[in-house]
Amino acid sequence: MERHPVHGLVTVAQHIIEQQRNHPTATGQFSWLLSGITLATKIIESYVRRAGITNVLGETGESNVQGELVQKLDMIANETIVRCLGYRGNIGILVSEEEDEPRIVKNSSGSGNYIVLFDPLDGSSNIDVNVSIGTIFSILHKREDVWPSDGPEKHVLQPGIRQLAAGYVVYGSSTVLAYTTGDGVHMFTLNPDIGAFVLHQESVRMPDVGKTYSINEAYRASFPKGIQDYLEWAKTDNYSQRYIGSLVADFHRTLLRGGVFLYPPTKKSPEGKLRLLYEANPMAFLAEQAGGAATDGQHRIMEKNPQHMHERTPLIIGSKSEVERVHEFLEKG
Ligand code: P6P
């Protein structure tokens, strides 16, 4: 693709338009939608960077549908995304980790055909201690075979293979956006001097091997035996353990360095803790687009048929050979 970057830089807006040219059926609608997401994450980033001095730390005193204490920044992030996307005109349904029900978006031209599912601020319990957190998003198209009289859930409950795009922004030592529309994973760094996400890596490939496992071993006693056996094997094979406790940060490291992230079923979370629609599916799309793999310990994440909006799933995601090795231990049982 011949580019005419300004001052040698390629912004995410330009990249999205270029990507769109690979989808002959795509219209400018898709680029317009994605630019709404990147705008929202730039606003969120401005709050995250000043959290300690702008009284947005701490809890709201309320709990969300997950039963988790809602941090002030969770609500700010949620409201920011809803506001930025609500006026894009081509979105019909918004699904947020912070909201019990799907939000139907209507505007003068009716209701758009796109569905955006998101975790507005993943890892928010880490905000007060300045650990990396992130925003995760997934984009679907409304289903053609759903009657208007059917509720929005029928549009929303689609397997991850139907995603049109997915991505995350990690608010870390720098603010990095990674996204895919099915043509590879591309990464951008927010340049605060110009307020734009600037391309720094195209077609990211996850290393096929990586001697790092990422898991909260405090729950070891209630992991499935195969997972316990894998962990014992990894320790004897000089693996290192890294766990930040923020999915976006743990996945970002795994995407770049290789290895495997695991959140298996536990006694506390027998279905796994992570949510299928707006955490596991988008990360699985990115992982597979980068040459990695993502399963629930038995099935490919992106082929799971969701039964309800906030459904949880076990997640094993990372380098293909590392995920396969975990499965070998699970199959031995
Ligand atoms: P645990 C953060 O609360 C989160 O949803 C993910 O970002 C993270 O991977 C996971 O939970 C951490 O869970 O049980 O290890 O604290």
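Scope of this entry: the structure provided in the associated data block. (Residues numbered from 1 in each chain as written. Predicted model: local features only at pLDDT ≥ 70, side-chain atom pairs only at ≥ 80, totals over all residues. Heavy atoms only, no water.)

Details of the packing of helix H5 (residues 225–236) against helix H8 (residues 320–332)
Here is the rule: Axis geometry follows a simple rule: fit a line to the C-alpha atoms, using only the stretch in contact for helices, then measure angles between N-to-C directions, giving values from 0 to 180 degrees. Numbered from the N terminus, helices here are DSSP runs of H or I no shorter than four residues, and strands are runs of E no shorter than two. For classification, angles of less than 35 degrees are called roughly parallel, those exceeding 145 degrees roughly antiparallel, those between 65 and 115 degrees roughly perpendicular, and all remaining angles oblique. The sense of a crossing depends on the near helix, which, turned anticlockwise from the far helix by less than a right angle, makes the crossing left-handed and, turned clockwise, makes it right-handed. Two residues qualify as a contact provided that any one of their heavy atoms is within 4.5 Å of a heavy atom in the partner residue.
Put simply, H5 and H8 touch, their axes get as near as 7 Å, and they point 125° apart. The pairing of H5 with H8 is recorded here as oblique in orientation. In the crossing of H5 with H8, the sense of the turn from one axis to the other is right-handed. Contacts between H5 and H8 involve Gly 226, Ile 227, Asp 229, Tyr 230 and Trp 233 from the former and Glu 322, Arg 325, Val 326, Phe 329 and Leu 330 from the latter.

What to know about the packing of helix H6 (residues 247–257) against helix H7 (residues 276–289)
The test is simple: Polar here means any residue outside two lists: the nonpolar Ala, Val, Leu, Ile, Met, Phe, Trp, Tyr, Cys and Pro, and the charged Asp, Glu, Lys and Arg; Gly therefore counts as polar.
Where H6 contacts H7, the two axes come as close as 12 Å, and the packing angle between them is 15°. When the interaxial angle is binned, H6 and H7 end up roughly parallel. For the pair H6 and H7, the crossing hand works out as right-handed. Residue-level inspection shows Leu 247, Val 248 and Phe 251 of H6 in contact with H7, the latter providing Glu 279, Met 283, Leu 286 and Ala 287. Among the residues forming the contact of H6 with H7, the class breakdown is six nonpolar, no polar and one charged.

Remarks on the site of the ligand
For clarity, the threshold we go by: Neighbouring residues are identified by heavy atoms, a residue being near a molecule or strand if any of them is within 4 Å of it. In protein, a polar contact requires one atom able to donate a hydrogen and another able to accept it; more generally it is a pair of N or O atoms within 3.5 Å, and residues adjacent in sequence count only if both atoms are side-chain atoms. With residues, only the protein chains shown are counted as cover, and all accessible areas are computed by Shrake-Rupley using a 1.4 Å probe.
Surrounding the ligand, one finds 13 residues, the nearest of these being Asp 122, Tyr 219, Tyr 243, Leu 247 and Tyr 263. Here Asp 122 contributes a side-chain N or O atom positioned 2.7 Å from an oxygen atom of the ligand. Contacts to the ligand include Tyr 263, whose side-chain N or O atom sits 2.6 Å from an oxygen atom. With the chains in place, 86% of the 390 Å² that the ligand exposes on its own is no longer accessible. Among the elements of the structure, strand E13 (260–263) and strand E14 (274–275) are those that each provide at least two residues to the shell around the ligand.

Note that every value here comes from positions in space, so none of it alone points to a role or purpose.
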